[in-house]
Amino acid sequence: MNFINDDIFMAEEKFEPKITCFVCNWCTYTGADLAGTSRLKQQTNARLIRVPCTGRIDPVFIIKAFESGADGVLVSGCHPADCHYNTGNYHARRRWIFFRELLKQVGIPESRLHFSWVSASEGKKWVDVVNGVIDTVRKEGPFEDYHKVNTEFAFPEPEEAVCS
Amino acid sequence: MQELIQAAQAALTSKEAAFIIGYALTPDGKKTRPFIARTPDEAAKLVFNHTCAHNLAVYLTRIAKPKEGKMGIVAKGCDTRAIVALIQENKITRDQVYIIGVNCSGVTADVTLPFGADNLPSKCIMCQVQVPPVSDVLVGTAAPYDKPKDAVTERMQLLEAMNEHERFAFWASEFEKCIKCYACRQTCPMCYCEQCIVDKTVPRWIESSASLRGNFSWNMIRAFHLAGRCIGCGECERACPMDIPLMLLNRKMGMVAMQQFNYRHGVNPEEPTLVGSYNMQDNNEFFK
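The notes below deal with the structure included here.

Scoring rules and cut-offs
Residues numbered from 1 in each chain as written. Chains lettered and ligands numbered in written order. Predicted model: local features only at pLDDT ≥ 70, side-chain atom pairs only at ≥ 80, totals over all residues. Helix = DSSP H or I, 4+ residues; strand = E, 2+ residues; numbered from the N terminus. Buried ≥ 20, exposed ≤ 12 C-beta atoms within 10 Å, placed from the backbone. Contact = placed C-beta atoms within 7 Å. Nonpolar A, V, L, I, M, F, W, Y, C, P; charged D, E, K, R; others polar. Core = buried A, V, L, I, M, F, W, Y, C linked by C-beta atoms within 7 Å. Domains from an automatic or database assignment. Axes fitted to C-alpha atoms, helices over the stretch in contact; angles between N-to-C directions. Parallel < 35°, antiparallel > 145°, perpendicular 65-115°, else oblique. Left-handed = near helix turned anticlockwise from the far one by under 90°. Pairing = 2+ DSSP bridges.

A short note on the overall build of chain A
Regarding its fold elements, chain A presents six helices and four strands. In chain A, the succession of helices and strands from N to C terminus is α-β-α-β-α-β-α-β-α-α. Scored against the burial criterion, the 164 residues of chain A give a buried share of 44%. Residue pairs at least 24 apart in sequence account for 84% of intrachain contacts in chain A once pairs closer than 6 positions are excluded.

And the structure:
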């Protein structure tokens, strides 16, 4: 008996991007939930990380996502004036204005980092945004620049101790 | 520099200042180093010349606050901007510091070489505050000096002209040199966190080994934490033993603050900080 589906191994290797999404609990996560309960179809490359508010997203999270092998990052939260905590997304927006420019200066292109406002009732918009981001990143290809930083130049593992 | 010594001695004798953070000659007499004078006698050692490149405002958040009297500090025009920035960020108050402003005629980029147009740091080339805008007592005279083209601005333009892969490769080659000594952090007057994010081990956000991966995240986060706060003294770059052009990142953040918010940090002590505040009319174009 052969339990392994040979197709998986035989299939031509095709690039599928990994997208890390940081979504706020009150709007975008609920919106994505709505997309699911409404049976809307979306591509499955996105991994969602739920945070209380977009204001909770430290830019170090985004760098960590790239370090961990993400090809693209999507950050999404409540529309301006809709924040559950009143001002969290305004603070976050101001931070990202700087962070985007910093990443551009370092050589991480805009096509790798996306931002959106998706409310709890915008299940359809969420599907469009996610599909759009996935398509953009797929076109860009794997984020080889950063993957190289992760692997080729990573600090070498210490060699096994030799007892004399 | 008699005027400076007299001002310092007067402040120490009248107990207005508990100590004066200033510059003194190194034992070889060629350079200067930071020096803290606690008595009028010690204050006689204070000097000010072209090698006084250090931004002494860094000590204001590191030194134990005196029980009586103020923290005296010898400050050039550019250093007063750091002091105002610290006041803006509520680290110190104006009445905690006694500022001996010195009129500055430029400092050297490389202290081992003589002062001249080809030996000027970027901050002196861009300088508009030879006379300190804030001070309790003002000493010295400011002589004009020749200002060549700014090298940082030129490198910024070169970087601007690259595509993203070239830019990434450029930074990879620069960050590869980083040995994680954190001199950039220690010398920065605006880096005063009691526990720096890079020292946090649970969870460890930034790899502490000097691998390229950790160097990338460290240098990016360092620049980001100074976004809209950097006062452009260039001490990080001067302290860097591996000559990483950190100001290219800091300058970019300063440009964003200027272009998008028309804001300069450390100019008006009453103004709220940029990243600590928000505006509903901020740029919303990059959101889908």
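Topic: helix α3 (residues 59–67) of chain A
Those residues of α3(A) that fall on the buried side of the exposure criterion are A:P59, A:I62, A:I63, A:A65, A:F66 and A:E67. The positive-phi residue at the C-terminal boundary of α3(A) is A:G69, with phi of around 105°.

Points about the interface of chain B and chain A
Contact with chain B, which involves 35 residues of that partner, is made by 33 residues of chain A. Those elements that provide at least two residues to the side of chain B that touches chain A are α7 (164–175), α9 (212–225) and α11 (247–261) of chain B. In terms of residue count, the dominant contributor to the side of chain B that touches chain A is α9(B) (eight residues). Across the side of chain B that touches chain A, the residue classes break down as 20 nonpolar, eight polar and seven charged.

Topic: the nonpolar core
Ranked by size, the top nonpolar core spans 123 residues in total, and within it A:L102, B:A8, B:I20, B:I73, B:V74 and B:I100 carry the most contacts. When residues in this core are grouped by element, the largest group, eight residues, is from helix α4 (residues 88–106) of chain A. When residues are assigned to domains, this core turns out to be shared by domain 1 (2–139) and domain 2 (151–261) of chain B, each giving three or more. Ignoring anything within four residues of it in the chain, the contact list for B:I20 reads B:A8, B:A11, B:L12, B:A37, B:A43, B:L46, B:G72, B:V74 and B:I100.

Comments concerning the packing of α4(A) against α9(B)
Taken N-terminus to C-terminus, the directions of α4(A) and α9(B) make an angle of 140°; their axes are 10 Å apart at the nearest point. Comparing the axis directions of α4(A) and α9(B) gives the class oblique. By crossing handedness, the relation of α4(A) to α9(B) is classed as right-handed. In this structure, α4(A) contributes A:F98, A:F99, A:L102 and A:V106 to the contact, and α9(B) contributes B:M220, B:A223 and B:F224.

Examining the sheet that holds strand β1 (residues 19–24) of chain A
Residues and elements named next belong to chain A. In spatial order, the strands read β2-β1-β3-β4; together these four strands make up an open sheet with parallel pairing. One side of each edge strand has no neighbouring strand; the edge strands of this open sheet are β2 (46–51) and β4 (113–117). Strand-to-strand twist across the sheet, computed as the mean angle between neighbouring axes with direction ignored, equals 20°. Here β1 runs beside β2; their pairing, made up of six bridges, is parallel. Within β2, the residue paired with V23 across the bridge is R50.

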